[in-house]
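Commentary on secondary and tertiary structure
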Amino acid sequence: MARDNGRRATELLTVRQVLDELGGISRRTFYRWRELRLAPACIRLPNGELRVRRDVLNDWLEERAEGAAP
């Protein structure tokens, strides 16, 4: 995998990819979660599009697993 300044590069997911990974939730639901600050942290690109880092999504999902330690 490519490296940038000694850090491992991570995959950036589009909103569509995140929606698919979350079982096909609607775009509206995702943006509502963002308004409520419940969605995974996003990166806003200069063109206005959003991306979610793969590791951030994985951590976000892990935090929401039932039975997960607080």
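As shown above, the structure is provided for reference.
Attention here is on the structure that accompanies the text. Small disclaimer: the values here were computed from a predicted structure and weren't measured.

Definitions and cut-offs
Residues numbered from 1 in each chain as written. Predicted model: local features only at pLDDT ≥ 70, side-chain atom pairs only at ≥ 80, totals over all residues. Heavy atoms only, no water. Helix = DSSP H or I, 4+ residues; strand = E, 2+ residues; numbered from the N terminus. Buried < 20%, exposed > 50% of the residue type's maximum accessible area, 1.4 Å probe, protein only. Contact = heavy atoms within 4.5 Å. Areas by Shrake-Rupley, 256 points an atom, 1.4 Å probe, with all protein chains shown as cover. Salt bridge = Lys/Arg side-chain N within 4 Å of Asp/Glu carboxyl O. Polar contact = N/O pair within 3.5 Å; in protein donor to acceptor, adjacent residues only side chain to side chain. Phe/Tyr/Trp six-rings, centres within 6.5 Å; stacked < 30°, edge-to-face > 60°. Core = buried A, V, L, I, M, F, W, Y, C linked by side-chain atoms within 4.5 Å.

1. Quick word on the overall build of the protein
Within the protein, the secondary structure is distributed over 3 helices and 5 strands. If you list the helices and strands of the protein from N to C, you get β-β-β-α-α-β-β-α. Counting every position in the protein, which comprises 70 residues, the buried fraction comes to 20%. Put simply, of all contacts in the protein between residues at least 6 apart along the chain, 39% involve residues at least 24 apart. Accessible surface, the protein: about 5500 Å² in total, of which carbon and sulfur atoms supply 47%.

2. Description of the pattern of salt bridges
For the coordinates displayed, the defined rule picks out 7 salt bridges. The residue Arg-54 makes a salt bridge to Glu-11 at a minimum N-O spacing of 3.3 Å. Here Arg-54 is found in helix H3 (residues 54-63), whereas its partner Glu-11 is found in the loop between strand S2 (7-8) and strand S3 (12-14), with 43 residues between them in sequence. Residue Glu-49 pairs with Arg-51 through a salt bridge whose shortest N-O separation is 2.9 Å. Where salt bridges share partners, they join Glu-11, Glu-21 and Arg-54 into one cluster.

3. Quick word on the side chain of Arg-51
In this fold, Arg-51 is placed in strand S5 (residues 50-53). The exposure class of Arg-51 is buried, given its relative accessible area of 17%. Among the polar contacts listed, one links the side chain of Arg-51 to the side chain of Glu-49, at a separation of 2.9 Å. In contact with Arg-51, not counting residues within four places along its chain, are Leu-12, Leu-13, Thr-14, Cys-42, Ile-43 and Leu-45.

4. Digging into the packing of aromatic side chains
Each aromatic ring pair is specified by the distance between its two centres and by the angle formed by the two planes. In this structure the tally under the stated criterion is 2 aromatic pairs. Considering the side-chain rings of Phe-30 and Tyr-31, the 5.7 Å spacing of their centres and the 90 degrees angle between planes classify their relative orientation as edge-to-face. Ring geometry for Trp-33 versus Trp-60: centroids 5.9 Å apart, planes at 40 degrees, classification tilted. Linking Trp-33 in helix H2 (residues 27-35) with Trp-60 in helix H3, this pair joins segments that are 27 residues apart in sequence. Classification of Trp-60 by relative accessible area gives buried; the value is 10%.

5. Remarks on the nonpolar core
Judged by nonpolar contacts, Leu-13, Val-15, Val-18, Leu-19, Leu-22, Ile-25, Phe-30, Ala-39, Leu-50, Val-52, Leu-57 and Trp-60 together constitute the single largest core of 12 residues. Breaking this core down by element, the ones donating at least two residues are helix H1 (15-21), S5 and H3. Leave out the neighbours within four places in its chain, and Phe-30 touches Val-15, Val-18, Leu-19, Ile-25, Ala-39, Pro-40, Cys-42 and Val-52.

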